[in-house]
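Residue-level structure breakdown
Each chain is listed here by its residues.
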Amino acid sequence: MQSTKPVQELDPADVSAAEGRRSAFLQAMPVALLDLEDALPGIIATAPGSGRTKLRRIYGLMDKISVVRREFVACAKGCADCCKMNVTISKLEARSISEITGRPFADVADSVQHPTDAFVGVSCPYLVNDVCSIYENRPLACRRHASFHSSSAWCKPEMLETEKVPLLQFGGIDQAFIELSTEKRKLVLADVRDFFPA
Ligand code: SF4
């Protein structure tokens, strides 16, 4: 597959506005939610329940953060640009989706790292008519993804390599997710299409 080169640049004013929205979101985050995010690795490590149950707790916190984030991002139902690029999920997530949907998943043995443009324009297997068919059970990567730009321009395939407003880091959520997804001392991450090939 050929590398995707940028065919246009983002307007510097738009980038600046997006950085402003990103900062405003961070300021709008309730302290209690920030504290909960920091404490999440310990909570998940000691909480009872299956991996799937704990996964839902991680998703739940990410969703609460997303509610605060909503007014600062371009993301909305019907925009599926982020479903047509690389989507990295863990084997635990693949197993969970498989159990819920009944669709078998490929038992990927080792992590797979693809070039950043490997799946440009390739729909996620769970995208139906530009709508996520497993929305309530979508992976963490899908819940984390957001564009602070005023439109979905940043998510267009041709913009992949352009200057962009950096994604937010969620230290507690990421740590909890990685630790939970590390099974028998092994973490397997791959694209959703590796686990669910067409
Ligand atoms: S799981 Fe759903 S939200 Fe995530 S990439 Fe696939 S269709 Fe999009």
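Above this text is the structure in question.
The following paragraphs examine the structure supplied in this document. The shown structure was predicted, so the numbers you read here are calculated from the model rather than taken from an experiment.

Our next topic: the site of the ligand. All residues in the neighbourhood of the ligand are listed as Cys83, Val87, Cys124, Tyr126, Leu127, Cys132, Ile134, Pro139 and Cys142. The residue inventory of the shell around the ligand, partitioned by class, reads 9 nonpolar, no polar and no charged.

At a closest axis distance of 11 Å, the pairing of helix α2 (residues 31-46) and helix α3 (residues 51-69) adopts a crossing angle of 175°. With respect to α3, the axis of α2 lies roughly antiparallel. Across the interface between the two elements, Leu33, Leu36, Glu37, Leu40, Ile43, Ile44 and Ala45 of α2 pack against Lys54, Arg57, Ile58, Leu61, Lys64, Ile65 and Val68 of α3. In terms of residue class, the contact of α2 with α3 is made up of 10 nonpolar, no polar and 4 charged.

Moving on, we come to the environment of Phe148. In this structure, Phe148 sits in the loop between α5 (140-144) and α6 (171-181). On the basis of relative accessibility, which here comes to 6%, the residue Phe148 falls in the buried class. When the C-alpha positions of Phe148 and Cys79 are compared, they lie 14 Å apart, and in sequence the two are 69 residues distant. What Phe148 contacts, discounting residues up to four positions off in sequence, is Ala18, Arg21, Arg22, Phe25, Arg69, Phe72, Val73 and Leu168.

Looking at the element boundaries, Arg103 is found in the loop between α4 (91-101) and β2 (127-128). In sequence terms Arg103 and Met85 are 18 residues apart; their C-alpha atoms lie 21 Å from each other. Once you skip the residues sitting within four places of it in the chain, Arg103 turns out to touch Ser98, Pro125, Tyr126, Phe196 and Pro197. Polar contacts involving the side chain of Arg103 include one to the main-chain carbonyl oxygen of Pro197, which spans 3.4 Å.

Attention shifts here to the packing of aromatic side chains. One pass over the structure, following the stated rule, counts 3 aromatic pairs. Ring centres of Phe25 and Phe72 lie 6.2 Å apart, and the angle between their planes is 55°; on these two criteria the pair is classed as tilted. Pair noted here: Phe25 is in helix α1 (residues 12-28) and Phe72 is in the loop between α3 and β1 (88-90), with a separation of 47 residues, a long-range link. Judged by its relative accessible area of 1%, Phe25 falls in the buried class. Given a relative accessible area of 12%, Phe72 falls into the buried group. Between Phe25 and Phe148, the ring centres sit 5.9 Å apart and the planes meet at 35°, which makes this aromatic pair tilted. Within this pair, whereas Phe25 is found in helix α1, its partner Phe148 is found in the loop between α5 and α6, the two being separated by 123 residues in sequence. Here the aromatic residues Phe25, Phe72 and Phe148 are joined through ring pairs into a cluster of three or more. Its end group placed over the ring of Tyr135, Arg138 keeps NZ or CZ at 3.8 Å from the ring centre.

Reading the values: the criteria
Along every chain, residues carry numbers that run from 1 in the direction the sequence is written. Reporting of local features is limited, given that this is a predicted model, to residues whose pLDDT is at least 70; pairs of side-chain atoms are given and counted only at 80 or more, and all residues count toward the totals for whole chains, interfaces and linings. Water and hydrogen atoms were dropped before computing side-chain values, which therefore reflect all heavy atoms in the structure. Here a residue counts as near a molecule or strand whenever at least one of its heavy atoms sits within 4 Å of it. Here the nonpolar group is Ala, Val, Leu, Ile, Met, Phe, Trp, Tyr, Cys and Pro; Asp, Glu, Lys and Arg are the charged ones; every other residue, Gly included, is treated as polar. Note on definitions: angles span 0 to 180 degrees between N-to-C directions of axes, and those axes are lines fitted to C-alpha atoms, for helices only across the stretch in contact. Numbering of helices and strands runs from the N terminus; a helix is a DSSP stretch of H or I covering at least four residues, while a strand is a stretch of E covering at least two. Any angle between 65 and 115 degrees counts as roughly perpendicular, while under 35 counts as roughly parallel, over 145 as roughly antiparallel, and the rest as oblique. Working rule for contacts: check all heavy atoms of both residues, and any pair within 4.5 Å makes them a contact. Note on exposure labels: buried denotes an accessible area under 20% of the residue type's maximum, exposed denotes more than 50%, and partly exposed covers the range between, all computed with a 1.4 Å probe on protein chains only. N or O atoms within 3.5 Å of each other form a polar contact, as long as, within protein, one can give a hydrogen and the other can take it, and as long as residues adjacent in sequence are counted only when both atoms are side-chain atoms. Pairing of aromatic rings covers Phe, Tyr and Trp, the last through its six-membered ring, and needs centres within 6.5 Å; plane angles under 30 degrees mean stacked, over 60 mean edge-to-face, and all others mean tilted. Here, over-ring charges are defined by two tests on the NZ atom of lysine or the CZ atom of arginine: distance to the ring centre within 6 Å, and angle to the ring normal within 35 degrees.

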